Amino acid sequence: MALITWNSNLSVNVKGLDLQHQKLFDTINKLHDAMSKGQANTQLSSLLNELIGYTKTHFKSEEDLFNKYNYPDKEKHKTQHDGFVNKIEELRIKYSEGKTNLSLELMTFLNTWLIEHIKKMDKAYSEFMNSKGVE
């Protein structure tokens, strides 16, 4: 059963970015599913690698649009992206040091950060991007 479900209230009205956000939700749901089956620690390494790789791809997509259209809050937004990557990297280091009970911490962080980031930071660029013809 999914922990978080995508819905239209989370749409940023940019189809490609919405699809990428949905993939991030899928990763969180994979972690939740692994936790519910007692397999989180055995799958955490691959999920962290998947998450870090995909978030970098997603953040680059957003930041490329910000640069292309000169989005006024691009630096503030990029700072949040960098903070997210740093936190995930920190969790990956803890995991590699043998602190394997990170699944709950990771899931809580991902769930909270992603939803709050989309609702506040990402939705802030929706109208701007749409006004530039990005849909």
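Just above, that's the structure.
Residue numbers restart at each chain and count upward from 1, following the sequence in its written direction. Only residues with pLDDT of at least 70 are given local features in this predicted model, and only at 80 or more are side-chain atom pairs given and counted; all residues enter the totals for whole chains, interfaces and linings. The basis for every side-chain value is the complete set of non-hydrogen atoms in the structure, without hydrogens or water.

### Considering the overall build of the chain
Cut-off, in case you're wondering: Where helices and strands are cited, they refer to DSSP runs of H or I of at least four residues and of E of at least two residues respectively, numbered from the N terminus. Within these notes, the globule rule equals 2.2 Å times the number of residues to the 0.38 power, and the radius of gyration is based on C-alpha atoms. A simple rule labels every residue: compare its accessible area, found with a 1.4 Å probe on the protein chains alone, to the largest value its type can have, and call it buried under 20%, exposed over 50%, or partly exposed in between. Only heavy atoms matter for contacts: two residues are in contact if any of them lie within 4.5 Å across the pair.
What the chain contains, in helices and strands, is four helices and zero strands. Listing every helix and strand of the chain by position from the N terminus yields α-α-α-α. What you see for the chain is a C-alpha radius of gyration of 15 Å, in line with the 14 Å of a compact globule of 135 residues. Principal axes of the C-alpha set define a box for the chain whose edges measure 45 × 30 × 20 Å. The burial tally for the chain puts 41% of its 135 residues in the buried class. Residue pairs at least 24 apart in sequence account for 77% of intrachain contacts in the chain once pairs closer than 6 positions are excluded.

### What to know about the packing of helix H3 (residues 74-96) against helix H4 (residues 103-131)
Stated precisely, the cut-off is as follows: The angle between two axes is taken between their N-to-C directions and runs from 0 to 180 degrees, where each axis is a line fitted to C-alpha atoms and a helix contributes only its stretch in contact. Small angles under 35 degrees read as roughly parallel and large ones over 145 as roughly antiparallel, with 65 to 115 read as roughly perpendicular and the rest as oblique. Under the scheme applied here, ten amino acids are nonpolar (Ala, Val, Leu, Ile, Met, Phe, Trp, Tyr, Cys and Pro), four are charged (Asp, Glu, Lys and Arg), and all others, including Gly, are polar.
The N-to-C vectors of H3 and H4 enclose an angle of 170°; their axes lie 11 Å apart at closest approach. Considering their axes alone, H3 and H4 lie roughly antiparallel with respect to each other. The segment H3 lies against H4, with Lys76, His77, Gln80, His81, Phe84, Lys87, Ile88, Leu91 and Lys94 engaging Glu105, Leu106, Phe109, Leu110, Trp113, His117, Met121, Asp122 and Tyr125. Partitioning the contact of H3 with H4 into residue classes produces nine nonpolar, four polar and five charged.

### Some thoughts on the side chain of Gln20
Going by this rule: The definition of a polar contact used here is a pair of N or O atoms within 3.5 Å, where within protein one atom must be able to donate a hydrogen and the other to accept one, and adjacent residues in sequence count solely through side-chain atom pairs.
Locating Gln20 in the fold gives a position in helix H1 (residues 15-36). With a relative accessible area of 14%, Gln20 lands in the buried category. In this structure the side chain of Gln20 is engaged in a polar contact, spanning 2.5 Å, whose partner is the side chain of His58. Other than its neighbours up to four places away in sequence, Gln20 contacts Tyr54, His58 and Ser61.

### Observations regarding the pattern of salt bridges
Note the following rule: Each salt bridge in this description consists of a side-chain nitrogen of Lys or Arg and a carboxyl oxygen of Asp or Glu lying within 4 Å of one another.
This model, assessed by the stated rule, comprises ten salt bridges. With a shortest N-O distance of 3.2 Å, Asp82 and Lys78 are connected by a salt bridge. With Asp82 and Lys78 both in helix H3 and four residues apart, the pair spans about one turn of that helix. Note on Lys78: relative accessible area 33%, which makes it partly exposed. For Lys120, the salt bridge goes to Glu116, with nearest N and O atoms at 3.2 Å.

### Things to note about the packing of aromatic side chains
This is how it is decided: Pairing of aromatic side chains here covers Phe, Tyr and the six-membered ring of Trp, requires ring centres within 6.5 Å, and sorts the geometry by plane angle: under 30 degrees stacked, over 60 edge-to-face, intermediate tilted. In this analysis the charged atom, NZ for Lys or CZ for Arg, is taken to sit over a ring once it is within 6 Å of the ring centre and within 35 degrees of the ring normal.
Within the structure shown, the criterion is met by nine aromatic pairs. Judged by centre distance (5.5 Å) and plane angle (20°), the rings of Phe84 and Phe109 are stacked. Separated by 25 residues along the polypeptide, Phe84 in helix H3 and Phe109 in helix H4 bring together distant segments of the chain. With respect to class, Phe84 is no different from Phe109; both count as buried. Within the aromatic cluster, the residues linked to one another by ring pairs are Phe59, Phe84, Phe109 and Trp113. Between the NZ or CZ atom of Lys23 and the centre of the ring of Tyr54, over which it lies, the distance is 5.2 Å.

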